[in-house]
Amino acid sequence: MPSVGLRAALLLLPSLLLLLRTVLTVPLERGAPKKEESPATESPVSGPALLSSQDTGLYYHRYLQEVINVLETDGHFREKLQAANAEDIKSGKLSRELDFVSHHVRTKLDELKRQEVSRLRMLLKAKMDAEQEPNVQVDHLSLLKQFEHLDPQNQHTFEARDLELLIQTATRDLAQYDAAHHEEFKRYEMLKEHERRRYLESLGEEQRREAERKLEEQQRRHREHPKVNVPGSQAQLKEVWEELDGLDPNRFNPKTFFILHDINSDGVLDEQELEALFTKELEKVYDPKNEEDDMREMEEERLRMREHVMKNVDTNQDRLVTLEEFLASTQRKEFGDTGEGWETVEMHPAYTEEELRRFEEELAAREAELNAKAQRLSQETEALGRSQDHLEAQKRELQQAVLQMEQRKQQQQALNALAPAPGREGQLKFHPGTDGVPVPGAADDQKDRDTSEKKVPEQPPKLPQLDSQKL
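Scoring rules and cut-offs
- Residues numbered from 1 in each chain as written.
- Predicted model: local features only at pLDDT ≥ 70, side-chain atom pairs only at ≥ 80, totals over all residues.
- Heavy atoms only, no water.
- Helix = DSSP H or I, 4+ residues; strand = E, 2+ residues; numbered from the N terminus.
- Buried < 20%, exposed > 50% of the residue type's maximum accessible area, 1.4 Å probe, protein only.
- Contact = heavy atoms within 4.5 Å.
- Areas by Shrake-Rupley, 256 points an atom, 1.4 Å probe, with all protein chains shown as cover.
- Polar contact = N/O pair within 3.5 Å; in protein donor to acceptor, adjacent residues only side chain to side chain.
- 1 Å grid on protein atoms, 1.4 Å probe; cavity = no way out; pocket = protein on both sides within 12 Å on 5 of 7 lines; lining within 4 Å.
- Points joined across faces, edges and corners; volume = space filled by probe spheres on them.
- Nonpolar A, V, L, I, M, F, W, Y, C, P; charged D, E, K, R; others polar.
- Expected span 1.5 Å × (residues − 1).
- Salt bridge = Lys/Arg side-chain N within 4 Å of Asp/Glu carboxyl O.
- Phe/Tyr/Trp six-rings, centres within 6.5 Å; stacked < 30°, edge-to-face > 60°.
- pLDDT = per-residue confidence, 0-100.
- Axes fitted to C-alpha atoms, helices over the stretch in contact; angles between N-to-C directions.
- Left-handed = near helix turned anticlockwise from the far one by under 90°.

Engineer: Explanation requested: the overall build of the protein chain in the structure shown.
Structural biologist: Looking only at helices and strands, one finds 19 helices and two strands in the protein chain. Residue burial in the protein chain is summarised as follows: out of 471 residues, 33% are buried. Expressed as a percentage of contacts within the protein chain between residues at least 6 apart in sequence, the contacts between residues at least 24 apart total 67%. About 31,100 Å² of surface is accessible on the protein chain, with carbon and sulfur atoms providing 52% of the total.

Shown next, in the form of structure tokens:
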């Protein structure tokens, strides 16, 4: 296989296209638009490989980008990648070359993996905290097994198995990305229609007719746009040639057109380069300043246009358009015969009435579940309120009892201060208001009275009476 550069070799793997088209793009010097570097974007690698703001939509997008950035700095791995084919990449043969990269690169890859494991643990913890009681033991190893883009058994070093899992998971996930985007858009459109119908049902008869008239007017204005050319047709490409490239439409040359729009000169048109060709057609239908134009519908339109070109031009379905495939498509009858033009999203409803009915049933079930949960929470709140009121009443009663005890204590202390303290027997006590004159205490007076009552005055001894006659 001829060496066509690192990025072209990487693009042999269709699943990594959406990432690699942004990570390993080398800007041309011929006036390619410069992108402003975002100060918020940081990369663990310095050098030519820079992180791009373009997102693949994968939840491990940043990890995937940074791994590719680091590997791209290793000369040995770069050389092996240039010589590899798609089967070598998908089979894991290329992953085994990881054992021969420099120690510096391996150290950076180890750090990236530890950061990714730490990020996944934080996500798991947040999810578990939201779904169950706190302080529950979590088996992180078992939970990490649900993430298939790394080896959970080894959470500290980046090995060949990690690179193999990363490639395999990206292959599967990116293949399903467009289908997931279509499904998300369908649900968006059904929700929009559901809310419109509920709004109309809430209005009175006259207000409903006015709202319906306004909606029909918006739809009419949205349909009034210039003809949209079929993506990839001669008319569409010539319009780009004339209005964007500033060239004479009568001198349109498919090969020159391909070279002009192969922005990174890697010999292929990737999905991002193709989507840039549809901007002029999309501007005919969608204007962010118009109330009737839905920008979500515009992004769905862009995706439909890209899929149409890939289906008709990308013959080997590797999600890349080579020069040979592009030139072959310009020779087909369909290239010049586009009929009445491209049918936009509103001409192809994203859902059926049956799908809308099931969607509304799902919404009703979810709403009932949320209402039941809200009612339980309301009841729990009321019970907590009653419990709080009861506790407040008990608190007030306790405070009142403490206050009464304190008042009785103060009253007792006042009485004790007024009452004289008992002294020793016979000791005079001084009381206020007596001008310093000692007054016997009440207890001493009583004792004196008791003593006086008990004492009998001594009688003199009786003398014998003399008989006067005898004298």
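Engineer: What should I look at first to understand the side chain of Asp262 in this one?
Structural biologist: For Asp262, the position within the fold is in the loop between α12 (254–261) and β1 (268–269). The class for Asp262 is buried, based on a relative accessible area of 6%. Side-chain polar atoms of Asp262 contact the backbone nitrogen of Asp266, separated by 3.2 Å.

Engineer: Quick question: what am I supposed to make of empty space enclosed by the protein here?
Structural biologist: The gaps left among the atoms become clear once a water-sized probe is rolled over them. Applying the stated rule across the entire model yields two cavities of 30 Å³ or more. By volume, the second largest cavity amounts to about 70 Å³. Gly232, Gln236, Leu237, Leu269, Leu274, Leu277, Phe278, Val309, Val313, Val321, Phe326 and Ser329 are the residues that line the second largest cavity. Elements with a minimum of two residues in the lining of the second largest cavity: α11 (234–243), α15 (295–313) and α16 (323–329). Looking at the lining of the second largest cavity residue by residue, the class counts come to nine nonpolar, three polar and no charged.

Engineer: Hey, could you run me through helix α9 (residues 177–201) in this one?
Structural biologist: In an α-helix, one turn spans 3.6 residues; hence positions three or four apart end up facing the same way. Counted at 1.5 Å a residue, the expected span for α9 with its 25 residues is 36 Å, and the 36 Å between its end C-alpha atoms agrees. Within the span of α9, buried status applies to Asp178, Phe185, Lys186, Glu189, Met190, Glu193, His194 and Leu200. Buried positions along α9 lie against α10 (205–223), α15 and α18 (353–418).

Engineer: What should I look at first to understand unusual backbone geometry in this one?
Structural biologist: Negative phi values dominate among residues other than glycine, just as trans dominates among peptide bonds. Located in the positive-phi region is Ser265, a residue other than glycine, with phi close to 55 degrees. Turning to its location among the elements, Ser265 is positioned in the loop between α12 and β1. For Ser265, a relative accessible area of 46% translates into the label partly exposed.

Engineer: Is there a simple way to explain the layout of surface pockets in this structure?
Structural biologist: Taken as a whole, the second largest pocket holds about 980 Å³ of empty space. Along its surface, the second largest pocket is lined by 30 residues, and Lys192, Arg196, Leu215, Gln219 and Glu297 are the ones closest to its centre. Of all the elements in the fold, those that place two or more residues in the lining of the second largest pocket are α9 and α10. Among the elements that make up the lining of the second largest pocket, the one with the highest residue count is α9 (nine residues). Residues belonging to the lining of the second largest pocket are distributed by class as follows: nine nonpolar, five polar and 16 charged.

Engineer: Would you take a moment to explain the pattern of salt bridges for this structure?
Structural biologist: When their charged atoms lie close together, side chains carrying opposite charge are able to pair. In the structure shown here, the tally under the stated rule is 38 salt bridges. Between Glu210 and Arg213 there is a salt bridge, with its nearest N and O atoms 2.7 Å apart. With Glu210 and Arg213 both in helix α10 and three residues apart, this pair spans about one turn of that helix. On the accessibility criterion, Glu210 (43% relative accessible area) is partly exposed. A salt bridge links Glu362 to Arg366; its shortest N-O distance comes to 2.9 Å.

Engineer: Sorry if this is basic, but what is going on with the packing of aromatic side chains here?
Structural biologist: Each aromatic ring pair is summarised here by two numbers: the centre-to-centre distance and the angle between the ring planes. Within this structure, the stated rule accounts for six aromatic pairs. The interplanar angle of 75 degrees and the centroid separation of 5.3 Å between the aromatic rings of Trp241 and Phe252 together place this pair among those described as edge-to-face. On the criterion of sequence distance, the pair formed by Trp241 in helix α11 and Phe252 in the loop between α11 and α12 is long-range, its members being 11 residues apart. Residue Trp241 shares its accessibility class with Phe252, and that shared class is buried.

Engineer: It is not clear to me how the confidence of the model for the protein chain should be interpreted in this structure. Could you clarify?
Structural biologist: As a note on interpretation, predicted positions should not be read in detail where pLDDT is low. Averaged over all residues, the pLDDT of the protein chain equals 77, while 71% of them reach at least 70. In this model residues 1–53 is a low-confidence stretch, pLDDT under 50, and it forms 114 contacts with partners more than four residues away in sequence or in other chains. Taken together, the stretch residues 466–471 has pLDDT below 50 and engages in one contact with residues farther than four places along the chain or on a different chain.

Engineer: What's the story with the packing of α11 against α12 in this structure? I'm lost.
Structural biologist: In helix packing, the relevant descriptors are the interaxial angle and the interaxial distance, both defined with respect to the helix axes. Taken N-terminus to C-terminus, the directions of α11 and α12 make an angle of 65 degrees; their axes are 11 Å apart at the nearest point. The hand of the α11/α12 crossing is left-handed. Residue-level inspection shows Leu237, Val240 and Trp241 of α11 in contact with α12, the latter providing Thr256, Phe257, Leu260 and His261. When the residues that make up the contact of α11 with α12 are grouped by side-chain class, the tally is five nonpolar, two polar and no charged.

Engineer: Is there a simple way to think about the environment of Lys93 in this case?
Structural biologist: Its location among the elements puts Lys93 in the loop between α5 (86–91) and α6 (103–131). Linking Lys93 and Glu164, residues 71 residues apart in sequence, is a C-alpha distance of 8.8 Å.

Engineer: Explain α11 here, please?
Structural biologist: Considered for burial, the residues of α11 that qualify are Gln236, Leu237, Glu239, Val240 and Trp241. Elements that come into contact with the buried residues of α11 comprise α12, α14 (279–285), α16 and α17 (333–336).

Engineer: Is there a simple way to think about the side chain of Glu116 in this case?
Structural biologist: Summarising the element assignment, Glu116 is placed in helix α6. Once residues lying within four places of it in the same chain are set aside, the contact partners of Glu116 are Tyr60, Tyr63, His149 and Leu150.

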